[in-house]
Amino acid sequence: MDGKTSSNSSTAYRRANLKIAPGAVVCEESILKGDISIGAKTIIHPRACILAEAGPIIIGEGNIIEEMATITNRLPPNVPEPTTVPVQIIGNYNVFETDCTCESYKVGDNNILEAKAHVGREIELTNGCVIGAGCSLTEQETVPENTIVYGSQCHRREMNDKPYPQIGQLDFLLKVLPNYHHFRKSNVNPKSGGPI
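First, a word on scope: everything that follows refers to the structure included in this document. It should be emphasised that the depicted structure is a prediction, and the values quoted were computed from it without experimental measurement.

Conventions and cut-offs
- Residues numbered from 1 in each chain as written.
- Predicted model: local features only at pLDDT ≥ 70, side-chain atom pairs only at ≥ 80, totals over all residues.
- Heavy atoms only, no water.
- Helix = DSSP H or I, 4+ residues; strand = E, 2+ residues; numbered from the N terminus.
- Buried < 20%, exposed > 50% of the residue type's maximum accessible area, 1.4 Å probe, protein only.
- Contact = heavy atoms within 4.5 Å.
- Salt bridge = Lys/Arg side-chain N within 4 Å of Asp/Glu carboxyl O.
- Pairing = 2+ DSSP bridges.
- Expected span 1.5 Å × (residues − 1).
- Patch = residues over 30% accessible without salt bridge, like charges linked within 9 Å, V, L, I, M, F, W, Y side chains within 5 Å.
- Areas by Shrake-Rupley, 256 points an atom, 1.4 Å probe, with all protein chains shown as cover.

When its secondary structure is counted, the protein shows two helices and 20 strands. Every one of the 196 residues in the protein was classed for burial, and the buried ones make up 43%. A separation of at least 24 residues holds for 30% of the contacts in the protein among residues at least 6 apart in sequence.

As structure tokens, this is what we get:
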């Protein structure tokens, strides 16, 4: 095999393949690289960064990804490429606040990553979790539902009530952002789920 044909499937998922569902607001100034699917009513602010380097990223409905937030699917340095392509799945109605980083392969619904929070690859966020400002989770674990991680020592407690989706903020941003920013047009047929 020559150098051109010996590369494995990694080349396939590094190509740009952006799918934007109808109703999503994806600002032109956002940085989107790789195989990315964006669900309806998801908002991606200017300068948000989504990097699908090691495999696809699937983002559900109603997520808010703020300025300088980074969602990335990549392998750490000096790790051999896996035999299967890792897919990163982000659920519905999550909020990724300014300058947070999410590398988790599985994020459930109604989670909030506050400003400068970091969630590593080996973390699974279930539903209704809040990762406080500046908190960093890197050791392998599944964070139980309705957990709040807070403070410089990443203390934890369970919320009494389940958090509500940020519907008010979402509706406001869906109305306002298109008035001030250029955005990428939907390219997914709502009936078939395929390209328009």
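For the coordinates displayed, the defined rule picks out five salt bridges. The partner of Lys 106 in a salt bridge is Glu 124, with the nearest N and O atoms 3.9 Å apart. Linking Lys 106 in strand β11 (residues 106-107) with Glu 124 in strand β14 (residues 123-125), this pair joins segments that are 18 residues apart in sequence. You can call Glu 124 partly exposed: its relative accessible area is 27%. Of the charged contacts in the structure, one is a salt bridge between Arg 121 and Glu 122, with a shortest N-O distance of 3.4 Å.

We now examine the sheet that holds strand β20 (residues 183-184). Strand order in the open sheet made by the nine strands is β19-β18-β15-β12-β9-β6-β4-β2-β20, with mixed pairing throughout. The strands lining the two open edges of the sheet, one partner per strand, are β19 (155-158) and β20. Relative to strand β9 (residues 95-96), strand β6 (residues 64-65) runs parallel, the two sharing two bridges. Paired with Ile 65 across the strands is Phe 96, a residue of β9.

So, about helix α2 (residues 167-180). Relative to the 20 Å expected for 14 residues at 1.5 Å per residue, α2 spans 21 Å between its end C-alpha atoms, a close match to the ideal helical length. The secondary structure elements touched by the buried residues of α2 are β2 (25-27), β4 (43-44) and β6.

Here the focus is a nonpolar patch on the surface. Among the surface-exposed residues, Ile 58, Val 87 and Ile 89 lie close enough to one another that they form a single nonpolar patch of about 220 Å² accessible area. Inspection of the secondary structure puts Ile 58 in strand β5 (residues 49-59). Relative accessible area serves as the criterion here: at 38%, Ile 58 is assigned to the partly exposed category.

Turning next to unusual backbone geometry. Positive phi is not limited to glycine here, since Tyr 93 has a value of about 60°. Within the secondary structure, Tyr 93 sits in the loop between β8 (88-90) and β9. In this model, Lys 116 sits at a positive phi of 65°, which is unusual for a non-glycine residue. Take Lys 116: it is sitting in the loop between β12 (112-113) and β13 (118-119).

With that out of the way, let us pick up the pairing of strand β7 (residues 70-73). Here β7 shows a buried face lined by Thr 70 and Thr 72 and a second buried face lined by Ile 71 and Asn 73. As judged from the four bridges shared by β5 and β7, these two strands associate in the parallel manner. From the neighbouring strand, Leu 51 faces β7, where its bridge partner is Thr 72. In this structure, β7 lies alongside strand β10 (residues 101-102), joined through two bridges in parallel fashion.

Tracing the chain through its elements places His 155 in strand β19. On the basis of relative accessibility, which here comes to 44%, the residue His 155 falls in the partly exposed class. A sequence separation of 20 residues divides His 155 from Cys 135, and the C-alpha atoms of the two residues are 9.3 Å apart. If near-sequence neighbours (up to four positions away) are discounted, His 155 is found in contact with Ile 148, Val 149 and Tyr 150.

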